[in-house]
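# Examining the three-dimensional arrangement
Each chain is listed here by its residues.
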Amino acid sequence: MASTWGSLPKESTLIETRCVQDLAELAKVIEPQQWNALLDRSASACIFLTWEWLTTWWRRFGAGQRILFFILRDGKDVVGLAPLMMTPGPTRVTRAFRHLTFLGQYSDTAPEDLDMIAAPGREPEVARALVAELVDRRSEQWDLLRLQHVLKTSPNRAPLIQALAERGIFVREENEEECFNLALPASWEEFFRDRNRNFKKRWHGTVNRLEREGELKLEVVVPGEPTAAAFAELLRLNRARWGEEGTSFRSDSDNAFHPELCQQIHPPGCVHLALMP
């Protein structure tokens, strides 16, 4: 059976939970636009939880694993989503256990930010409904639940931990590697204004050197144009820069994943490609 239904009453609402275990059926149950619209409204919004990233990742890296997409509805409204997969552990010791984790782990391309998706203000009840469904499936589908890469700032984290504890599931929190990021302002001028003197000096030096070597121009791949050639050039430059020491784009699956994803998320403006000839 590709999908099953469950329900959890909570304070005069009835959240129905459906588990879909096939990409073809998933597209019949929820449209990509619906998935991304709820993601955009939620506190979990990031590229790693978009329809495009998840489905492309599964096609390229999902061999030997089992997907479990949970769709949670309150009536006709989708209020929660959880992209999970059942997989063997990543090490020789842990392979004996069935791991249930967010989709995207244990591959050449591993996201830094994973989570369930919940409508704003519905996080606690979505977490309870999801955990109730997961606990019901424990004996037949998983031994170890590993919800990795959930940010400490996520409003889903505490409700998930509490819901698991209420169901008698022992929870151990572990610190993971830090992922550094930079919040960008609305314009380059604002960004440059706030940099220190050393940054500005190096910037002007680099620009002057490039201008001395020839005309300085930037060719931007606009939305709607093919991205394959630009991405192929990115791969070539990466290999020329790092050679055998490089850790990016090393496998066939990895090299296939990124161009395919780029072609999907470039038209709506989720990725920008530019070349400096």
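Up top you'll find the structure we're talking about.
Now for a look at the structure at hand. (Residues numbered from 1 in each chain as written. Predicted model: local features only at pLDDT ≥ 70, side-chain atom pairs only at ≥ 80, totals over all residues. Heavy atoms only, no water.)

For soluble globular proteins, the rule of thumb is that nonpolar side chains tend to be buried together. Phe70 and Met116 are the most contacted members of the largest nonpolar core, which totals 55 residues. In terms of residue count, the dominant contributor to this core is strand S4 (residues 77-88) (seven residues). One finds Val221, Phe231, Leu235 and Leu273 within the second-largest nonpolar core, a separate group that totals seven residues. (Core = buried A, V, L, I, M, F, W, Y, C linked by side-chain atoms within 4.5 Å. Buried < 20%, exposed > 50% of the residue type's maximum accessible area, 1.4 Å probe, protein only. Helix = DSSP H or I, 4+ residues; strand = E, 2+ residues; numbered from the N terminus.)

This next bit is on unusual backbone geometry. One non-glycine residue, histidine 149, lies in the positive phi region at around 65°. Relative to the assigned elements, histidine 149 resides in the loop between strand S7 (144-146) and helix H6 (157-166). You can call histidine 149 buried: its relative accessible area is 11%.

Time to look at the pattern of salt bridges. This structure, assessed with the given rule, holds eleven salt bridges. Ionic pairing is found between arginine 59 and glutamate 260, a salt bridge with its closest N-O pair at 2.9 Å. Here arginine 59, found in helix H3 (residues 51-61), pairs with glutamate 260, found in helix H10 (residues 252-265); they are 201 residues apart in sequence, far enough to count as distant. By relative accessible area, glutamate 260 is classed as partly exposed at 21%. Between glutamate 260 and arginine 60 there is a salt bridge, and its shortest N-O distance comes to 2.8 Å. Placement of glutamate 260 in helix H10 and of arginine 60 in helix H3 is noted, with a sequence separation of 200 residues between them. Residue class for arginine 60 comes out partly exposed when judged on its relative accessible area of 37%. Residues participating in the shared-partner salt-bridge network are Arg59, Arg60 and Glu260. (Salt bridge = Lys/Arg side-chain N within 4 Å of Asp/Glu carboxyl O.)

On to the pairing of S4. Judged by how many residues are buried, S4 sits mostly within the fold: ten of twelve residues are covered. Bridge analysis of strand S3 (residues 66-74) against S4 gives nine bridges, and the strand direction is antiparallel. Counted as the bridge partner of phenylalanine 70 is alanine 82 from S4. Counting the residues in the hairpin turn of S3 and S4 gives two residues, including glycine 75, whose phi is positive at 70°. When S4 meets strand S6 (residues 117-118), the two strands line up antiparallel, connected through two bridges. Pairing of glycine 80 across the sheet is with alanine 118, part of S6. In this structure, S4 lies alongside strand S5 (residues 98-102), joined through five bridges in antiparallel fashion. (Pairing = 2+ DSSP bridges.)

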